[in-house]
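Below, each chain spelled out in residue letters.
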Amino acid sequence: MAYDKFNILKSSAVPLPIENVDTDQIIPARFLKATERKGFGDNLFRDWRYNADNTPKEQFVLNNPIYSGKILVGGKNFGSGSSREHAAWAVYDYGFRCVISSFFADIFRGNCLNIGVLPVQVSPEFLDKIFKAIEAEPNTELEVNLPEETITILATGEKEIFAINEYKKDNMTNGFDDIDYLLNVKEDIKTFAESRPF
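This is a predicted model, so every value here is computed, not measured.

Thresholds, definitions, all that
- Position numbers for residues start from 1 in each chain and track the written sequence from start to end.
- Selection of residues for local features in this predicted model requires a pLDDT of at least 70, selection of side-chain atom pairs for listing and counting requires 80 or more, and totals for whole chains, interfaces and linings are taken over all residues.
- Calculated side-chain values reflect all of the structure's heavy atoms, with hydrogen atoms and water omitted.
- By convention a nonpolar core is built from buried Ala, Val, Leu, Ile, Met, Phe, Trp, Tyr and Cys residues, the set being connected through side-chain atoms within 4.5 Å.
- Buried residues are those whose accessible area, probed at 1.4 Å on protein chains only, stays under 20% of the maximum for their type, while exposed residues exceed 50% and partly exposed ones sit between those limits.
- For this analysis, residues touch if any pair of their heavy atoms sits within 4.5 Å.
- Between Lys or Arg on one side and Asp or Glu on the other, a salt bridge is scored when a side-chain nitrogen of the former is within 4 Å of a carboxyl oxygen of the latter.
- Helix and strand assignments come from DSSP, with helices taken as H or I runs of at least 4 residues and strands as E runs of at least 2, each series counted from the N terminus.
- For this analysis, a ring pair means two rings from Phe, Tyr or Trp (six-membered ring only for Trp) whose centres lie within 6.5 Å, classed as stacked if their planes differ by under 30 degrees, edge-to-face if by over 60, and tilted for the remaining angles.
- A positively charged side chain is recorded as over a ring if its NZ (Lys) or CZ (Arg) lies within 6 Å of the ring centre. The angle to the ring normal must also be within 35 degrees.
- Whether two strands pair comes down to DSSP finding at least two bridges between them.

Draft legend 1. A look at the nonpolar core. Ranked by internal contacts, the top residues of the largest apolar core, which has 53 residues, are Phe45, Val73, Phe78, Ile100, Leu118 and Val144. Once you skip the residues sitting within four places of it in the chain, Leu118 turns out to touch Phe6, Arg97, Cys98, Val99, Leu113, Val144, Leu146, Phe162, Ile164 and Met172.

This is the structure in structure tokens:
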């Protein structure tokens, strides 16, 4: 399943300065019945966003109209817990294309990269600068430059480099998942296979 190409993302951000956000908080287990990637955004952080009667919790950041954008900024150890792919699906389906944290759980990071959400790991110091910039000005824009592997707070020009696997980077810039990648190089695979002795 192809997804949006990721090159340079310039957007305001939604701050979630909570550490150890696990996948059951991102998408509760009762919503894991579907096998397609659609519709999970409605239940992103469901138990934090809504009361038992389905009314929005005004104090939760996703219900606060002063915050918006395609970037979610989370606290340390984002995406821990179970390995459910649906957590990354919910993040993408809600409209986020990038999650920033000072540390990601490995499986969540991989699941994000597989569907077109860029997990940007920054230093704790730079993460703190981002949170403070958004607190001072909710419309603060960040620039995430995938080709150069940099993230910049545009208001101050402060910048940090992040790392990404080259294969995943190439897939994201082309909007490929793993199957799309194989289909894109199928002629190369066929040529290689034909050159091998039986």
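Draft legend 2. Structural context of the pattern of salt bridges. For the structure on display, the rule yields six salt bridges. Across the pair Asp128 and Lys132 runs a salt bridge, and its minimum N-O distance is 3.1 Å. With Asp128 and Lys132 both in helix α5 (residues 124-136), this residue pair falls four residues apart, about one helical turn. Of the residues examined, Lys132 reaches a relative accessible area of 51% and is grouped as exposed. A salt bridge links Glu149 to Lys169, with the shortest nitrogen-to-oxygen separation between them at 3.0 Å. Note that Glu149 is positioned in the loop between β5 (141-145) and β6 (150-153) and Lys169 in helix α6 (residues 166-174), a separation of 20 residues in sequence. Per residue, the accessibility class of Glu149 equals that of Lys169, and both read buried.

Draft legend 3. Geometry of the packing of aromatic side chains. Overall, the coordinates contain eight aromatic pairs when judged by the stated rule. Seen from their ring centres, Phe78 and Phe104 are 6.4 Å apart, and the 75° between their planes marks the pair as edge-to-face. Within this pair, whereas Phe78 is found in the loop between β2 (71-74) and α3 (86-94), its partner Phe104 is found in the loop between β3 (98-101) and α4 (106-115), the two being separated by 26 residues in sequence. The residues Phe78 and Phe104 share a single accessibility class, namely buried. Each member of the aromatic cluster is reached from another via a ring pair, and the members are Phe45, Trp48 and Phe60. Lying across the ring of Tyr50, Arg46 places its NZ or CZ 4.3 Å from the centre. The lysine or arginine in question, Arg97, covers the ring of Tyr92, its NZ or CZ lying 3.7 Å from the ring centre.

Draft legend 4. Region of the structure containing the pairing of β6. Alternating residues of β6 divide into Thr150 and Thr152 and Ile151 and Ile153, and every residue in both groups is buried. Here β5 pairs with β6 via four bridges, running antiparallel. Bridging across to β6, Leu142 finds its partner in Ile153. The hairpin turn running from β5 into β6, its antiparallel successor, is four residues long, and Glu149 in that turn takes a positive phi close to 60°. In the sheet, β6 pairs with strand β7 (residues 158-161) via four bridges, with the strands oriented antiparallel.

Taken by themselves, the reported measurements are silent on function.
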